Amino acid sequence: MSESGDIEEMVERLRAGEVRALARAVSLVEDGSLVGMELVKACRQYAGDALRIGVTGPPGAGKSTLVDQMAKWLRQEGQTVGVVAVDPSSPYTGGALLGDRIRMQDLSGDAGVYVRSMASRGAKGGLAAAVEDVCVVMAAAGRQVILIETMGVGQDEVEVAGLADVTVLVLVPGMGDEVQSLKAGVMEVADVFVVNKSDREGAERVEAEILAMQGLAADEKERVAPVVRTVATSGAGVSELMAAVRGCAAERRGRKRWRKTSVDGLRLDHLGVAVRNIDAARSFYEALGIRVDHEETVEHEKVRTAMLPVGESRIELLEATEEDSVIGRFLAKRGEGLHHVAIRVDGVDAMFERLRSQGVRLASDEVRAGAGGHRYFFVHPSSTGGVLVEIVGDAAGWATGEGE
Ligand SMILES: Nc1nc2c(ncn2[C@@H]2O[C@H](COP(=O)(O)OP(=O)(O)OP(=O)(O)O)[C@@H](O)[C@H]2O)c(=O)[nH]1
Ligand SMILES: [Mg+2]
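Quick look at the structure, then. Note that the structure is predicted; figures quoted are calculated from it, not measured.

Rules behind the numbers
- Residues numbered from 1 in each chain as written.
- Chains lettered and ligands numbered in written order.
- Predicted model: local features only at pLDDT ≥ 70, side-chain atom pairs only at ≥ 80, totals over all residues.
- Heavy atoms only, no water.
- Helix = DSSP H or I, 4+ residues; strand = E, 2+ residues; numbered from the N terminus.
- Contact = heavy atoms within 4.5 Å.
- Buried < 20%, exposed > 50% of the residue type's maximum accessible area, 1.4 Å probe, protein only.
- Pairing = 2+ DSSP bridges.
- Axes fitted to C-alpha atoms, helices over the stretch in contact; angles between N-to-C directions.
- Parallel < 35°, antiparallel > 145°, perpendicular 65-115°, else oblique.
- Left-handed = near helix turned anticlockwise from the far one by under 90°.
- Nonpolar A, V, L, I, M, F, W, Y, C, P; charged D, E, K, R; others polar.
- Donors = N, O, S within 2.8 Å, 3.2 Å for Na, K, Ca; no water.
- Patch = residues over 30% accessible without salt bridge, like charges linked within 9 Å, V, L, I, M, F, W, Y side chains within 5 Å.
- Areas by Shrake-Rupley, 256 points an atom, 1.4 Å probe, with all protein chains shown as cover.
- Salt bridge = Lys/Arg side-chain N within 4 Å of Asp/Glu carboxyl O.
- Lys, Arg positive; Asp, Glu negative; His and termini not counted.
- Charge placed at Lys NZ, Arg CZ, Asp CG, Glu CD.

Let's talk about the overall build of the protein
- Looking only at helices and strands, one finds 14 helices and 15 strands in the protein.
- Nonlocal contacts in the protein, meaning residues at least 24 apart in sequence, comprise 71% of its contacts between residues at least 6 apart.

Written out as structure tokens, the structure reads:
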């Protein structure tokens, strides 16, 4: 087979979501080989709408731990994630490489997260270019969000941070005047500041220093980046961080095409099960070995939810917080049981129009935004064989802020 045939085949397998094809492609690209370059070229047209989030900061600030939490959070939002961890190859930080791999391992059983370590040295044509190429391949492979971890504050890192759509700078309490010393470099590329390890003393002081510094810079830049406190080891503050990142991404939406309008990518997202009491119902699922990975009360729907991941899909337990609510009324009328089936599509608006034009009876008069910015609508059971069907928008909507 010719080389271009190989490339075509690889791109196809990549786009079909084959993790092995992705791993091979990234290796080829990282090697800087001719095939790798051709591959990147072929991937570019499919790499349109991934969101690249750079995470940078001084050694040991908790970047890897935070990236791990961000990846988990994104998975709960239904996003597929790629992680590029740029490790310094100097001997005294060599341990960090292994550390990263181990720490990220608890995600490695999930095909929705693909983690790749890259050496900062030896990249032909510069680190930033190599990282960018790897991002193109990951995006073509359908990764919706790519997290890029870089360490330190050197020129290389600043460049890598600069290629991300949104850059998060991780600082920690006790840095004192070091915050000042960062000013010249990476402070400039930060879109969102994180004060990690805020379980330790001194978080206020770092935050104050960041704000003070921005106060100085504000008249030049006319922009104040948000500051978010986190404890990466527990996940505290990660939702707030992601909201800030999302706000930043949405702000740039006009400058970039974020999403496609195609209607492929159909898959089962979740099954919604109405229960009288989540705490009673979950024990069966826990006996199965499924762990609740997200709980939430959606006030305006008067419903409490618990997500139980089952492979790429989930079971969503729904408990009414008030009798006078959708789930409350369902329980009163039909009792406990399957409430809805949720199908995920790429291009929820196109699907809404398509179903409407085909005379399908919809139970929503428009596409709405739900928890976490997910966009959805319902199809009436009379059109579906007796079950309420929820059509959930493609997860790229997370970054677009659409419908808000
Ligand atoms: N107390 C506390 N410890 C944390 C927090 N976040 C991370 N750590 C710990 O800090 C250490 C360094 O965390 P990493 O995630 O490896 O930090 P990093 O910035 O990726 O480190 P390098 O990649 O080597 O630069 C680990 O022992 C973490 O468990 C936090 O919020 N609070
Ligand atoms: Mg790290």
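Still to come is the rest of the account.
Examining the side chain of threonine 167
- With respect to the helices, strands and loops of the structure, threonine 167 is situated in strand β5 (residues 166-171).
- Classification of threonine 167 by relative accessible area gives buried; the value is 2%.

Thoughts on the sheet that holds strand β8 (residues 267-274)
- In space, the eight strands of this open sheet follow the order β9-β10-β11-β8-β12-β15-β14-β13, with mixed pairing throughout. Bordering the open sheet on either side are β9 (294-298) and β13 (368-369), each of which pairs with just one other strand.
- The strands that helix α13 (residues 348-357) touches are β14 (375-379) and β15 (388-392); relative to β14, the one it contacts most, it runs at about 20 degrees.

Concerning the environment of isoleucine 315
- Secondary-structure assignment places isoleucine 315 in strand β11 (residues 313-320).
- Isoleucine 315 sits 45 residues away from histidine 270 along the chain, and the two C-alpha atoms are 5.3 Å apart.
- If we ignore the near neighbours within four places in the chain, the residues touching isoleucine 315 are Leu271, Val273, Tyr285, Ala306, Met307, Leu308 and Val310.

A few points about the packing of helix α6 (residues 127-140) against helix α7 (residues 155-163)
- Two elements in contact, α6 and α7, have axes whose closest approach is 8 Å; the angle formed by their N-to-C orientations is 30 degrees. In this view, α6 runs roughly parallel relative to α7, as classed from their interaxial angle. In this structure, α6 meets α7 at a crossing whose hand is right-handed. Each of Leu127, Ala128, Val131 and Glu132 in α6 lies in contact with α7, whose residues at this interface are Asp156, Glu159, Val160 and Leu163.
- Residue classes in the contact of α6 with α7 are distributed as five nonpolar, no polar and three charged.

Here we look at the coordination of the magnesium ion (ligand 2)
- Every protein donor of the magnesium ion (ligand 2) is listed here as Ser64 (OG) and Glu149 (OE), and their distances to the metal cover 2.0 to 2.2 Å. Of this pair, serine 64 sits in helix α4 (residues 63-76) while glutamate 149 sits in strand β4 (residues 145-151), and the two are 85 residues apart along the sequence. Of the two residues, serine 64 and glutamate 149, both sit in the buried class.

Points about a negative patch on the surface
- Judged by side-chain charge, Asp6, Glu8, Glu9 and Glu12 come together as a negatively charged surface patch.
- With respect to the helices and strands, the residue glutamate 8 is situated in helix α1 (residues 3-15).

Comments concerning a nonpolar patch on the surface
- Residues Leu268, Leu271 and Leu338 make up a contiguous nonpolar surface patch of about 230 Å² in total accessible area.
- Mapped onto the secondary structure, leucine 338 falls in strand β12 (residues 337-344).
- What makes leucine 338 partly exposed here is its relative accessible area of 44%.

Overview of the environment of methionine 138
- Position of methionine 138 among the secondary structure elements: in helix α6.
- Sequence separation between methionine 138 and valine 84 is 54 residues; the distance between their C-alpha atoms is 9.5 Å.
- In contact with methionine 138, not counting residues within four places along its chain, are Leu22, Gly82, Val83, Val84, Tyr114, Arg116, Arg143 and Ile146.

Regarding the pairing of β12
- Strand direction decides the pairing type here: β8 and β12, joined by seven bridges, are antiparallel. Residue pairing for β12: arginine 267 is matched across the bridge by arginine 344.
- Strand direction decides the pairing type here: β12 and β15, joined by five bridges, are parallel. In the strand pairing of β15, histidine 340 is matched with leucine 388.

Notes on the pattern of salt bridges
- All chains considered together, the criterion is met by 24 salt bridges.
- Residue arginine 116 pairs with glutamate 30 through a salt bridge whose shortest N-O separation is 3.2 Å. With arginine 116 in strand β3 (residues 113-119) and glutamate 30 in helix α2 (residues 19-31), the pair connects residues that are 86 residues apart, well separated along the chain.
- Taking the relative accessible area as the measure of exposure, arginine 116 reaches 15% and is therefore buried.
- The network of salt bridges with common partners includes Asp279, Arg282, Glu286, Glu295, Arg304 and Glu319.

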